[in-house]
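Secondary and tertiary structure notes
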Amino acid sequence: DAKTTQPTSMDCAEGRAANLPCNHSTISGNEYVYWYRQIHSQGPQYIIHGLKNNETNEMASLIITEDRKSSTLILPHATLRDTAVYYCIWAGTYKYIFGTGTRLKVLA
Amino acid sequence: DVKVTQSSRYLVKRTGEKVFLECVQDMDHENMFWYRQDPGLGLRLIYFSYDVKMKEKGDIPEGYSVSREKKERFSLILESASTNQTSMYLCASLGLTNTGELFFGEGSRLTVL
């Protein structure tokens, strides 16, 4: 099954980098890793995705280990508005399976 | 911008009623999904559809059915609602030509009394 393992919750000080880990040990070679976040009462929002190489966009950076069994989402300068639940998922052709995610609280 | 619209944000139904949750997307996406979200359980996939009239079961299809008669519309049906189906329901769509990003609707919160 397309399962991921994430810590249940994390705190981060405002302005500091937030590093959110994810284990996806059963991922196969052609499946992407995706990160989404969900702010209370809204639908999940796409952040970033990657296959093998590290990726960066305006929201975050994604570091994927060489064996692809884990990844880390980095929010370089966390703000209070980054408080949300963050989901790491990996997906084959159609089946996007979400886990329970990491509840990130950014502290002032 | 891609828009995924769920017909009702809040619904209250009685046990045994038939419930329809409608989802419409405006980007000609091939794939559409229904999830339910419950505290402590995250998002769980109920059904998905990769084409008109095509459907696949997700992790928790029991008690639900779906309909995809037109490409833009994916309906979730609760034939006989039960209290354990009280939940937030989220619809999503995915195009084959984009980056693999799922676009979600705002959700429908269903309460079954």
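Below you will find a few notes about this structure.

Each value, and the rule that gives it
- Residues numbered from 1 in each chain as written.
- Chains lettered and ligands numbered in written order.
- Predicted model: local features only at pLDDT ≥ 70, side-chain atom pairs only at ≥ 80, totals over all residues.
- Heavy atoms only, no water.
- Helix = DSSP H or I, 4+ residues; strand = E, 2+ residues; numbered from the N terminus.
- Rg over C-alpha atoms; globule rule 2.2 N^0.38 Å.
- Buried < 20%, exposed > 50% of the residue type's maximum accessible area, 1.4 Å probe, protein only.
- Contact = heavy atoms within 4.5 Å.
- Areas by Shrake-Rupley, 256 points an atom, 1.4 Å probe, with all protein chains shown as cover.
- Lys, Arg positive; Asp, Glu negative; His and termini not counted.
- Charge placed at Lys NZ, Arg CZ, Asp CG, Glu CD.
- Disulfide = S-S within 2.5 Å.
- Pairing = 2+ DSSP bridges.
- Axes fitted to C-alpha atoms, helices over the stretch in contact; angles between N-to-C directions.
- Buried area = accessible area lost by both parts, 1.4 Å probe.
- Salt bridge = Lys/Arg side-chain N within 4 Å of Asp/Glu carboxyl O.
- Polar contact = N/O pair within 3.5 Å; in protein donor to acceptor, adjacent residues only side chain to side chain.

1. Here's the deal with the overall build of chain B
Of regular secondary structure, chain B possesses 0 helices and 11 strands. Radius of gyration (C-alpha) of chain B: 13 Å, near the 13 Å computed for a compact globule of 113 residues. Out of the 113 residues belonging to chain B, those deemed buried represent 50%. For chain B, the share of sequence-separated contacts (at least 6 apart) that also reach a separation of at least 24 residues comes to 55%. In the form shown here, chain B has an accessible surface area of approximately 5500 Å², with 50% of it arising from carbon and sulfur atoms. Chain B carries 15 positive and 16 negative side-chain charges, and their two centres are separated by 6 Å.

2. Describing the state of the cysteines
Residue and element names in this part refer to chain A. In total, this model carries 2 disulfides over all chains according to the counting rule given. Bridging Cys 22 to Cys 88, the disulfide has an S-S length of 2.0 Å. Disulfide Cys 22-Cys 88: torsion about the S-S bond near -75°, hence left-handed. On the criterion of sequence distance, the pair formed by Cys 22 in strand β2 (residues 18–23) and Cys 88 in strand β8 (residues 84–91) is long-range, its members being 66 residues apart. Residue classification places Cys 88 among the buried positions, given a relative accessible area of 0%.

3. Focus on the sheet that holds strand β3 (residues 32–38) of chain A
All names here are of chain A. Read across the sheet, 5 strands follow the order β1-β9-β8-β3-β4 without closing on themselves; strand pairing throughout is mixed. At either margin of the open sheet sits one strand with a lone partner, and together these are β1 (9–13) and β4 (45–50). Sheet twist, expressed as the mean angle between neighbouring strand axes with direction ignored, is 25°. Bridge count between β1 and strand β9 (residues 102–107): 5 bridges; the pairing is parallel. Among the inter-strand pairings, Met 10 is bridged to a residue of β9, identified as Leu 104.

4. Some thoughts on the interface of chain A and chain B
Contacts between the two partners involve 18 residues from chain A, matched on the other side by 24 residues from chain B. Of the roughly 1700 Å² buried at the junction of chain A and chain B (both faces included), carbon and sulfur atoms supply 58%. For the pair chain A and chain B, the number of links is 0 salt bridges. Between chain A and chain B we count 4 residue pairs in polar contact (both at pLDDT 80 or more) in total.

5. So, the sheet that holds strand β3 (residues 19–25) of chain B
Residues and elements named next belong to chain B. Reading across from one edge, β1-β3-β8-β7 is the order of the 4 strands in this open sheet, with antiparallel pairing throughout. Each of the sheet's edge strands pairs with one partner strand only, and the pair in question is β1 (4–6) and β7 (65–70). The average angle at which neighbouring strand axes cross in this sheet is 20°, direction not considered. One ladder, built from 4 bridges, connects β7 with strand β8 (residues 73–78); its direction is antiparallel. Within the sheet, the bridge partner assigned to Ser 65 lies in β8 and is Ile 77.

6. A few points about the pattern of salt bridges
Residues and elements named next belong to chain B. Scanning all chains against the criterion turns up 8 salt bridges over all chains. A salt bridge links Glu 69 to Lys 53, with the shortest nitrogen-to-oxygen separation between them at 2.5 Å. With a gap of 16 residues between them, Glu 69 in strand β7 and Lys 53 in the loop between β5 (42–51) and β6 (54–57) connect regions that are remote in the sequence. A relative accessible area of 56% means that Lys 53 is categorised as exposed. Through salt bridges with shared partners, a single ionic network connects Asp 28, Glu 30 and Lys 71.

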